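Coordinate analysis (summary)
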Amino acid sequence: MQTFFVEIKCKLGKTYDVARELADREIASEIYSTAGDYDIIAKFHIDRDLDIGHFVAEKVQTIPEIDDTKTVITFKAF
């Protein structure tokens, strides 16, 4: 499995709508609201043979209320 995080900037007033859509799609293992430059951070686990870029583009960035994303790829958990 590959683990990575996506920081999500939402359109104004749409943070809860985006979080609900992520939850409904059942693609994120954890979803948190955050303060700062981004509104949400979501944790994902996908099979090693899947491409992270395609996954984010096709499964996350297709939510209409998202303005921007930043993907953080992780290497090892301690």
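Quick note: structure is the one above.
Reference entry: report on the structure contained in this document. (Residues numbered from 1 in each chain as written. Predicted model: local features only at pLDDT ≥ 70, side-chain atom pairs only at ≥ 80, totals over all residues. Heavy atoms only, no water.)

1. Remarks on the pattern of salt bridges
Basically, it comes down to this: What counts as a salt bridge is simple: a side-chain nitrogen of Lys or Arg found within 4 Å of a carboxyl oxygen of Asp or Glu. Under the scheme used here, helices are H or I runs from DSSP no shorter than 4 residues and strands are E runs no shorter than 2 residues, and both carry numbers assigned from the N terminus. Burial here depends on accessible area, computed with a 1.4 Å probe over protein chains only, as a share of the maximum for the residue type. Under 20% is buried, over 50% is exposed, and the range in between is partly exposed.
Taken as a whole and judged by the stated rule, the model has 5 salt bridges. Put simply, R25 and E21 hold a salt bridge, and the shortest N to O gap is 2.8 Å. In this pair, R25 and E21 are both assigned in helix α1 (residues 15-25), 4 residues apart and thus about one turn of the helix distant. Among the ionic pairs, E30 bridges to K43, the shortest N-O distance being 3.6 Å. Taken as a pair, E30 in strand β2 (residues 30-33) and K43 in strand β3 (residues 40-46) lie far apart in primary sequence, 13 residues in all. Residue E30 is classed as partly exposed on the basis of its relative accessible area, which comes to 29%. For K43, a relative accessible area of 21% corresponds to the partly exposed category. Residues joined by salt bridges that share partners form a network here, namely K14, D17 and R20.

2. Remarks on α1
How we decide: Taken from the helix axis, the directions to the C-beta atoms give the arc we talk about. Any two residues having at least one pair of non-hydrogen atoms within 4.5 Å are treated as being in contact.
Where α1 is concerned, the buried positions are T15, V18 and L22. Projected down its long axis, α1 carries its buried residues within an arc of 70°, all on one side. In α1, those exposed residues whose orientation departs by more than 90 degrees from the buried face are Y16 and D24. On its buried face, α1 sits against β1 (2-10), β2, β3, α2 (52-60) and β4 (66-73). One or two residues past the end of α1 sits E26, with phi positive at roughly 55°.

3. Details of the nonpolar core
The line we're drawing: The term nonpolar core refers to a set of buried residues drawn from Ala, Val, Leu, Ile, Met, Phe, Trp, Tyr and Cys, joined through side-chain atoms within 4.5 Å.
Formed by 17 residues in total, the largest nonpolar core has its most connected members in F4, I8, V18, L22, F44, F55 and V60. Mapped by element, the contributors of at least two residues to this core are β1, α1, β3 and α2.

Fair warning: the whole summary comes from geometry, so function is off the table for now.
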